[in-house]
4 protein chains.
Amino acid sequence: MIKAGIIGSTGYAGQQLVWLLKRHKEVEIIFLSSHSYTNLTFSDVYPQYDRFIEDLCIDIHTAENKFSLIDVLFIALPHGKSFDITKKALNLGVKVIDLGADFRLKSTEAYENWYGLTHGCSDLLAASIYGLPELYRENIKESNLIANPGCYPTASILALAPLLKEKLIDPNSIIIDAKSGVSGAGRKENIQTLFAECNESIKAYAVGSHRHTPEIEQEVSNIYGENIYLSFTPHLIPMNRGILATCYGNLKEKITQESLNKIYEDFYRDDYFVRMRKNFPETRWVKGTNLCDLHVCVDERVGRVIVVSAIDNLMKGAAGQAIQNMNILFNINETHGLELMAMAP
Amino acid sequence: MIKAGIIGSTGYAGQQLVWLLKRHKEVEIIFLSSHSYTNLTFSDVYPQYDRFIEDLCIDIHTAENKFSLIDVLFIALPHGKSFDITKKALNLGVKVIDLGADFRLKSTEAYENWYGLTHGCSDLLAASIYGLPELYRENIKESNLIANPGCYPTASILALAPLLKEKLIDPNSIIIDAKSGVSGAGRKENIQTLFAECNESIKAYAVGSHRHTPEIEQEVSNIYGENIYLSFTPHLIPMNRGILATCYGNLKEKITQESLNKIYEDFYRDDYFVRMRKNFPETRWVKGTNLCDLHVCVDERVGRVIVVSAIDNLMKGAAGQAIQNMNILFNINETHGLELMAMAP
Amino acid sequence: MIKAGIIGSTGYAGQQLVWLLKRHKEVEIIFLSSHSYTNLTFSDVYPQYDRFIEDLCIDIHTAENKFSLIDVLFIALPHGKSFDITKKALNLGVKVIDLGADFRLKSTEAYENWYGLTHGCSDLLAASIYGLPELYRENIKESNLIANPGCYPTASILALAPLLKEKLIDPNSIIIDAKSGVSGAGRKENIQTLFAECNESIKAYAVGSHRHTPEIEQEVSNIYGENIYLSFTPHLIPMNRGILATCYGNLKEKITQESLNKIYEDFYRDDYFVRMRKNFPETRWVKGTNLCDLHVCVDERVGRVIVVSAIDNLMKGAAGQAIQNMNILFNINETHGLELMAMAP
Amino acid sequence: MIKAGIIGSTGYAGQQLVWLLKRHKEVEIIFLSSHSYTNLTFSDVYPQYDRFIEDLCIDIHTAENKFSLIDVLFIALPHGKSFDITKKALNLGVKVIDLGADFRLKSTEAYENWYGLTHGCSDLLAASIYGLPELYRENIKESNLIANPGCYPTASILALAPLLKEKLIDPNSIIIDAKSGVSGAGRKENIQTLFAECNESIKAYAVGSHRHTPEIEQEVSNIYGENIYLSFTPHLIPMNRGILATCYGNLKEKITQESLNKIYEDFYRDDYFVRMRKNFPETRWVKGTNLCDLHVCVDERVGRVIVVSAIDNLMKGAAGQAIQNMNILFNINETHGLELMAMAP
């Protein structure tokens, strides 16, 4: 049994992680930590889980004293909060999977520019692995510090990776128009995300300035082999869960739909969690699962390719992917605990 | 392995049943039948299930020819459509679980009055069992024809049963004010249930005339030992899933909250799927599960008791309960395939 | 021109009031006051109103200095906050319409019990009028302090008044099962009313203890002529606006549907804002209007009458009714500025 | 008084038109025609409008016999259905405003390719005017056949027009990623637009093939002076109303944000219904209004400009714009009957 601790267990991503870990047959939860709900049981915070998850939420100091009892630490905190904890855990030989942003950007400068913070342990960046298994499965196996990708980057990078690897599109032409459910904004007191403020409306936000932009750029640049700068525009949608990323790129040369399909199928041949679809996906197809549904389409009229990806922002976009990374880290079946099928309707 | 066939597999209840059966370790699906989608694969109709449920939907005549291969037949058809199929299946020694209304009312007259149809096999009514395991578990074990309860009756009867068994309330005072998500109206072309007709609104419907009324009355009368007539008012709510039943009754005598809690806890002590809650439940607590959450409260000011029950209308209110009945029928663990936890948010 | 000031102008009810006043041809807004958004323009807080409402929000002390310039003061503050302001305004000869709860209950004791506060000016209670024009139109004309009714009480009292006036139902049998959109909870930072906490769910809340209970009881008791205690159960529904109140009462004697219809039609014959409907109303029928839609139905099977009322909680349930009261106070056409038709869909 | 007839009055756009005409002080409705609801009163179909709109819906033949009584005919029918009616009305000297697609494309070939229909009166195309007042106000004044623009084209063209007129962007780089509420799909029996099929999900549809594409291309080409081919991707969003169009184009040369703002402000200086905003708009800001909210932003990092427009698809995207066109045609104030402010929340 893998012994796990979770810091930040009562945010939306954290609690989804706990949900998944509780069902995982190879994992034992050693502790759940929560800053806001210390000394409450988990089901006091989430009455959904009554009878199923009755663990007490402990504070972070008590949690740190239990690091010696665990094999893996999941951290689901706001950015800038993971530095010390990560160092402590690593020093004790505990593997760390950080669901936050602190170890995703390889460039300390980029981190400090986009997040407006001094990076507290940039020495760890070289060893950390960007935890997108479809790209870095082999590196993840060897690592002890996994930077779990952001939700938008997961959807965007998976949509674009085959195009970039094959250098089919002009790297300066990439536009990602993404749409997210409101749980992406987190579970915190906030007028902007009140029901009556989000329902019956849609908006773009953080246009040209969202912190997931450099993360996406870093990864697509890596794949392509050159620095890429792109447009990424997130939108807020009146639904709880789900991200749809509609991605555009100009084709360098003509390519048939069939060839393009084959390129994607080959690229993701061994990736259980990527489903290539015959039609453009809907977010409900992947709701509550770790799947990423993809459909790619050549639009010959305009010489452009359009790829749409759909994920559940809390699953493949956060907690599900964290479990997938854990499975790889501990050399168990990558799909373990993640064989989930969306429920209709 | 239990060999199962499903008639009416592509309605909302039917497909939820297929979803559950696919995950059930003791069941093999022999056929899925669908009138509207014959010769399509299941995942053509429900793209959610791509890769997971690729069975072909067959027509009902082809299905009937396979009755000899199955142990249990699930029927999820509109009322009035189950008579012949049920007879054929029973004659071949196949157990039948009917998710429709045709065998729920013991009185042919009541059926014909409320449904406006001649009952096609009232001779089977005596042997059929109302499949609410919390009340009839022992009878279900012995039966081969289970009338799976309606969604509103499940929520209502479970809420009221302990009060009636203990004769705590005036039987003429019962009011059930119930609220359902839109999936309860089924998956059929209908202007009334279009998104833009249901969103941002709520209404009562079928007031005083809903067909679940006699079903609830039959069962609460059985428990109480006298004929009971009650008010049942369903409402349509802008959400996909869930039923909340707010039930009122006048206390015959004063009773403390503690005594009432104990009565409910005792009544449901051995019922895994009933969760007694400390607070009034929300439908999201049981979404995607076979649970029924209950909270009961004495209102001394008015000498009345209020019970609120929450279920998922497609699970404990339909397909989940059908699986629960199947488990009992085949003498396997009642919770098998139903150990589901709601997902937040 | 009526000169108006508004205290608490940026809450949901307050801003709806401003919206209505801006369109009202007989009113000039002298000031808008807001505690949370002092020194912002109104359209900074509500970008919807850009170009239309560009007034600056002033603080309450600055507002008080302008009392001498106004004819009427609207107060939309949390309970317990209106006492001093009201006294100051009245002393200056300004008429006051209080959208809050501070002057609704005639009994200081009831106020202090249900609200847990000492009443700051119970001497004003005798002179204040409960501003439900359908009941108190003549008294409103003579008053200078109007206690604008709560949203649930408006829907409930209008539904029940004719039954009680005619003493058709047993006063001990009244049950009001009410459902409200989320704007009823106000525009404040609150995890409970986040989109992802309310969407796809329904719950009862404050069962047996909601502060609108004594308000409803006071008014129905007045109509009936005896003290009435009743059950009132509010529910939270995933929509922005609207209240549906489903009201039940036991008939003392048989009555025909036709007689009942006539009683309601007669009762509300001169009330523009009450629409008697042929069918049970839906909240979308009155959305964005000051209307109250009503349908009443005898259920002979159970000897009970069911009345359903639908209002917009921010309009007839708050700001619209306040305007209606203002129109009456200033002796202009009661419908002025309120001739609004719901928009479909 | 302008005497108006409406064909297709009970679809979502048609009924919104009736709603607006009823409030319009210069218009008298002579007839409402409806194929699906002939001989019902309007408020039987839309109970919202009870008491306000009690006209009887007449059939189309009866309607045609009344053409001699009207000044203007509004047609809100599916494409391919307007040809004969338009000819008849024009022959009688009646001005026609067609909310459908039959007269929008100037090229018969494009119409026949994209709509798969033979055009029934291509001789009228030369004289018809594309009814986007912000571009064609002067031509509209002179015309008697107005092709009222589609909802997506209205949002898209208004967003892009200043950029194209000033030739600031590469015409081959245009991408329009648009999002619409479900009312855009019309009020017809359809499983795809059931509540439970749309709620809690988002999808792209008709990617690269939506019929609004050639309409947008025609107009932006006209403005730019060269044939433009662009990407237009519509998405379906779980809300009733609203379109948000997120538009991208590559800047030919650097331009400051200030210059760009000035270009837009100048372009729309005399257009009441276009609001230039300081921030990216949300669809709720324009809900229930004829406004188009716009914000434009230079993203220097990528040398691209992003414009977001928000409209109400049934107002500026259909019925509101039709009224605006009528006002221009009859030489009355363009804003008459359209001075509507969105309601929050």
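In case you missed it, the structure is sitting above this.
What comes next concerns the included structure. All figures in this text were calculated on a predicted structure; none of them were measured in a lab.

Right, let's get into the packing of aromatic side chains. In this description, a pair of aromatic rings is defined by centroid distance and the angle of the planes. Following the criterion strictly, the structure yields 47 aromatic pairs over all chains and no others. Ring geometry for A:Tyr272 against A:Phe273: centres 4.9 Å apart, planes inclined by 85 degrees, an arrangement best described as edge-to-face. Following the ring pairs from residue to residue traces out a cluster consisting of A:Phe83, A:Phe103, A:Tyr111 and A:Tyr115. Taking the ring centre of C:Phe330 as reference, the NZ or CZ of C:Lys95 above it sits at 5.9 Å. The ring of C:Tyr224 carries C:Lys167 above its face, with NZ or CZ at 4.0 Å from the centroid.

Quick look at the interface of chain D and chain A now. Counting residues at the interface gives 45 residues for chain D and 45 residues for chain A. Both sides of the chain D and chain A interface together cover about 3900 Å² of buried area, and 52% of this is carbon and sulfur. Summed over the three residues of chain D that lose the most area to chain A, namely D:Glu200, D:Ile202 and D:Arg301, the buried surface amounts to 18% of that side. Seen at the junction of chain D and chain A, the total is 10 salt bridges. D:Asp177 is the partner of A:Lys179 in a salt bridge, and the nearest nitrogen-oxygen pair spans 2.9 Å. Between the two partners, chain D and chain A, sit 30 residue pairs in polar contact (both at pLDDT 80 or more). Those elements that place two or more of their residues in the side of chain D that touches chain A are β8 (175–180), α8 (195–198), β9 (203–204), α9 (212–224), β10 (231–236), β11 (243–250) and β14 (304–311) of chain D. Per-element accounting of the side of chain D that touches chain A gives the leading share, 4 residues, to β8(D). Within the side of chain D that touches chain A, the residues separate by chemical class into 21 nonpolar, 11 polar and 13 charged.

Superposing chain D onto chain B requires a rotation of 180 degrees together with a translation of 0.0 Å along the rotation axis, leaving an RMSD of 0.0 Å. Such values leave the two copies arranged in the relation of a two-fold axis. The overlap is high: 100% of the interface residues of chain D also sit at the interface in chain B, so the same surface is used on both sides.

Turning next to helix α1 (residues 12–23) of chain D. Helical geometry: 3.6 residues make up each α-helical turn, so side chains three or four residues apart lie on a common side. Taking 1.5 Å per residue as the helical rise, α1(D) with its 12 residues ought to reach 16 Å, and the 17 Å between its terminal C-alpha atoms agrees with that figure. In terms of burial, α1(D) is largely enclosed, as 9 of its 12 residues are buried. Contact partners of the buried residues in α1(D): α8 (195–198) of chain B together with β1 (2–7), β2 (27–33), α2 (42–45), β4 (72–75) and α11 (315–329) of chain D.

Basis of the calculations
- Residues numbered from 1 in each chain as written.
- Chains lettered and ligands numbered in written order.
- Predicted model: local features only at pLDDT ≥ 70, side-chain atom pairs only at ≥ 80, totals over all residues.
- Heavy atoms only, no water.
- Phe/Tyr/Trp six-rings, centres within 6.5 Å; stacked < 30°, edge-to-face > 60°.
- Lys NZ or Arg CZ within 6 Å of the ring centre and 35° of its normal.
- Contact = heavy atoms within 4.5 Å.
- Buried area = accessible area lost by both parts, 1.4 Å probe.
- Salt bridge = Lys/Arg side-chain N within 4 Å of Asp/Glu carboxyl O.
- Polar contact = N/O pair within 3.5 Å; in protein donor to acceptor, adjacent residues only side chain to side chain.
- Helix = DSSP H or I, 4+ residues; strand = E, 2+ residues; numbered from the N terminus.
- Nonpolar A, V, L, I, M, F, W, Y, C, P; charged D, E, K, R; others polar.
- Least-squares fit on C-alpha atoms with pLDDT ≥ 70 in both.
- Expected span 1.5 Å × (residues − 1).
- Buried < 20%, exposed > 50% of the residue type's maximum accessible area, 1.4 Å probe, protein only.

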